[in-house]
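Survey of secondary and tertiary structure
Okay, here's what each chain looks like letter by letter:
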Amino acid sequence: MARVVVLGAGISGHTAALHLRRLLDKQHEVVVVSPNSQWNWIPSNIWVGVGRMKPSQVTFPLKPVYDKHGVDFRQAKAVALHPEGDERTSKGYVDVVYTDPARAGETQSIEYDYVVNATGPKLNFAATPGLGPDGHTVSVCTYGHADEAAKQLAGVIAKLKAGQRQTLVIGVGHGTCTCEGAAFEYTFNVEHELREAGVRDLAEIIYLTNEYELGDFGVGGLNFKQNGFVTTSKLWTESLFKERGVKSILRAHVQKVEEGRLFYETLDGSADTLDFDFAMLLPPFRGQDLQAFAKDGSDITATVFAPSGFLKVDADYTAKPVDEWKAGDWPSTYVSPSYPNVFGVGIAFAPPHPISTPRKAPNGTVISPAPPRTGMPSGLMGRAVAMNIADMITGKSNTPQHHASMAEMGAACVASAGAGFTKGSAASMTMYPVVPDYDRFPGYGRSLTETTGEIGLAGHWMKHLLHVMFIYKAKGKLGWSMIPE
Amino acid sequence: MTTTPSQPGPDVPRGPAAGLTDPSAYEAPMPTERTVKQRTNLPIQAYRFAAVSLKMTRMILRSHG
Ligand SMILES: Cc1cc2nc3c(=O)[nH]c(=O)nc-3n(C[C@H](O)[C@H](O)[C@H](O)COP(=O)(O)OP(=O)(O)OC[C@H]3O[C@@H](n4cnc5c(N)ncnc54)[C@H](O)[C@@H]3O)c2cc1C
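Each chain has its residues counted from 1, following the order in which its sequence is written. All chains are assigned letters beginning with A, and all ligands numbers beginning with 1, in the order in which they are written. For this predicted model, a pLDDT threshold of at least 70 governs which residues receive local features, and a threshold of 80 or more governs which side-chain atom pairs are given and counted, while totals over whole chains, interfaces and linings are taken from all residues. In computing side-chain properties, one takes all heavy atoms of the structure into account and sets aside hydrogens as well as water.

**Examining the pattern of salt bridges**
Whenever Lys or Arg places a side-chain nitrogen within 4 Å of a carboxyl oxygen from Asp or Glu, that contact is recorded as a salt bridge. A full pass over the atoms with the stated rule returns 30 salt bridges over all chains. With its nearest N and O atoms 2.7 Å apart, the salt bridge here joins E243 of chain A to R39 of chain B. With one member in each of two chains, E243 of chain A in helix α6 (residues 233–244) and R39 of chain B in the loop between α1 (33–38) and α2 (42–63) form a pair that bridges those chains. We note a salt bridge from D439 of chain A to K326 of chain A, for which the minimum N-O separation is 3.6 Å. With D439 of chain A in the loop between β23 (426–431) and β24 (452–456) and K326 of chain A in the loop between α7 (301–304) and β21 (342–344), the pair connects residues that are 113 residues apart, well separated along the chain. Secondary structure elements follow DSSP: runs of H or I of four or more residues count as helices, runs of E of two or more count as strands, with numbering from the N terminus.

Written as structure tokens, this is what we have:
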């Protein structure tokens, strides 16, 4: 009998757990450790953040799903890994602290044969003083944050209706943020809601970002064919900003936020303040605060995890200049180089380097996006790791044979630009591969036929369909495994 | 590491914030009224939905190996 422990029940961890349960017979145990009792379809938090959906429409309780599938769910958070065991046991184990109200604060050590770190991002609001729901800005990263954002937005709309001008700043709250696509979506959803409320003319909307150009999205921008030309996501995105009257501040790092005012610097060395009535700024991400210990109890956190807190995997972490970056730098099996039974998937794995060109202001402040790891790649990694672990447990292979490199997979992204069955819109994009490969695709790094983009109501329908489909899949209902990641 | 922000006093009229780009300054072309209308035209969008679904399915199948 083998036990697989999955840390985190987000997109990657939940996918891994369900596939593991599907692939392994019942003599083997699948344990999921996650601090939140709910599963959250995070992409739809954008609609919660503008009041179009309630938190209950983007979440469901995990326990009944896990009970049905025979997964042992522990509502707890992992705090430390002991990949070599200790003087008592030679088996690896993980220390957890329960968050389940019935056992809150209780600690436990869970032994494993295989462990998957799928703990996602730590929302590092602390990197920017005054940032976040405990400071002076809102967020849409969790359904709770998004619900609060919707309440504040409703207040802004009420003021606009009363004839008061309002400045709304939406974007990223630090020079090293990722997830610009989510900030872009929220910007245009808010803009759409203000138009629907008939108050758009009194509102100034400013998109504040660390991207070098609009349309970078942390993937260095996209190129695609349109009307006989190769066009760029910059042109395409700018056109939307122009049409919808959204201002922008590019190449910016937010230094601190005070009540109604943010302080920022830009890549060219200038610095300024910006007053706002409403600000939704995403935090930078880092890995969760997991520690690692060797058999003798010595701290090996720096061996197992990168300085960013993300788990080191089978990537090439050698520091190299941008023009030497290769597709092969990116991991494909997500196995720890130190421990063959430890894996890191989704946002929790340490990327070898960014995808967008890294840049620094004259004073050394890094102002460029970190690489995004969106839903589809996260799900694919979870599935590949589950298949590899199942193969190793059942003796089909001794080493991971299934690969899910971001340099060999594409991504389908639908960025909402406003909700509504007849008036909504979204930018539907596909890119292949996610990480450019200039050896396979000289010139642009990606396939010009597989990389596409268009804006329209069809995208909104698609986004809604994905919402329904992925929640159905995550609930593990009939035929769930037929729905792709 | 960080520079001191230049902060005008309360009475000093200030120009636009550093790096602020007005929509009129974007180089990108403005979509024509027809293009904007087509983006919410139901028959056209129903057709585009089918086309986008196909593209995404192809991408998904390719990525699922
Ligand atoms: C607002 C927003 C909108 C987005 N929109 C899109 C989109 O439209 N399309 C798209 O593809 N992607 C989108 N993304 C990105 C997408 O949400 C992520 O790619 C995806 O959630 C990553 O999956 P994950 O499993 O790595 O992390 P998560 O889904 O964040 O899951 C992490 C899990 O780990 C748990 N956890 C945390 N700490 C611990 C611990 N110590 N021990 C155990 N468990 C722990 C968490 O509770 C959670 O269950 C969006 C992201 C945001 C923030």
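Next, the rest of the story.
**With respect to the nonpolar core**
Generally speaking, nonpolar side chains in soluble globular proteins are found buried as a group. Residue and element names in this part refer to chain A. Working definition of a nonpolar core: buried Ala, Val, Leu, Ile, Met, Phe, Trp, Tyr and Cys residues. They are joined through side-chain atoms within 4.5 Å. Working definition: with a 1.4 Å probe on protein chains only, accessible area under 20% of the residue-type maximum means buried, over 50% means exposed, and in between means partly exposed. Core analysis: the largest hydrophobic core is formed by 130 residues, its most contacted members being Y186 and M406. The dominant element in this core, judged by the number of residues it contributes, is helix α8 (residues 375–394), at ten residues. Domain start and stop points were drawn from an automatic or database domain assignment. Mapped onto the domain boundaries, this core takes at least three residues apiece from domain 1 (3–123 + 285–393) and domain 2 (126–284 + 409–482). Only heavy atoms matter for contacts: two residues are in contact if any of them lie within 4.5 Å across the pair. Setting aside residues no more than four positions away along its own chain, M406 makes contact with W330, P331, Y334, F349, I355, P372, R373, P377, M381, P433, V434 and V435. Membership of the second largest hydrophobic core comes to 17 residues, among which are V169, V257, L274 and A279.

**Structural notes on the sheet that holds strand β16 (residues 261–266) of chain A**
All names here are of chain A. At least two DSSP bridges between two strands are needed for those strands to be called paired. The strand order across the open sheet built from three strands is β15-β16-β17, with neighbouring strands paired in antiparallel fashion. In this open sheet, the two strands that pair with only one neighbour each are β15 (252–258) and β17 (271–275). Averaged over neighbouring strand pairs, the angle between their axes works out to 25° when direction is ignored. Relative to β16, β15 is paired through six bridges, and the arrangement is antiparallel. Along β16, the bridge assignment pairs V257 with L262. Axis definition: a line fitted to C-alpha atoms, over the contacting stretch in the case of helices. Angles run 0 to 180 degrees between N-to-C directions.

**Side note on the interface of chain B and chain A**
Contacts between chain B and chain A engage 41 residues on the former and 62 residues on the latter. At the boundary of chain B with chain A, total buried surface from both sides reaches about 4400 Å², with 60% on carbon and sulfur atoms. Linking chain B with chain A are seven salt bridges. Between D22 of chain B and K247 of chain A there is a salt bridge, with the nearest N and O atoms lying 4.0 Å from each other. Polar contacts, as counted here, are pairs of nitrogen or oxygen atoms within 3.5 Å of one another; within protein the pair requires one atom able to donate a hydrogen and one able to accept it, and residues that are adjacent in sequence qualify only if both atoms are side-chain atoms. Counting the contacts that link chain B with chain A gives 20 residue pairs in polar contact (both at pLDDT 80 or more). Put simply, the parts of the chain that give the side of chain B that touches chain A at least two residues each are β1 (20–21) and α2 of chain B. For the side of chain B that touches chain A, the element with the highest residue contribution is α2 of chain B, accounting for 14 residues. Once two parts are put together, the accessible area they lose, assessed with a 1.4 Å probe and summed over both, is termed the buried area.

**Considering the site of the ligand**
Residue and element names in this part refer to chain A. Proximity is defined per residue: if any heavy atom of the residue lies within 4 Å of a molecule or strand, that residue is considered near it. The local shell around the ligand holds 29 residues, among which S12, A78, I347, R373 and G375 are the closest. Here S12 contributes a side-chain N or O atom positioned 2.7 Å from an oxygen atom of the ligand. Between the ligand and I347 there is a distance of 2.8 Å, counted from an oxygen atom to a backbone nitrogen or oxygen. Breaking the shell around the ligand down by element, the ones donating at least two residues are α1 (11–23), β2 (29–34), β5 (72–82), α5 (180–196) and α8. Residue polarity is assigned by list, with Asp, Glu, Lys and Arg as charged and Ala, Val, Leu, Ile, Met, Phe, Trp, Tyr, Cys and Pro as nonpolar; anything else, Gly included, falls into the polar class. Taken together, the residues that form the shell around the ligand break down as 14 nonpolar, eleven polar and four charged. Taken domain by domain, the makeup of the shell around the ligand includes at least three residues from each of domain 1 (3–123 + 285–393) and domain 2 (126–284 + 409–482).

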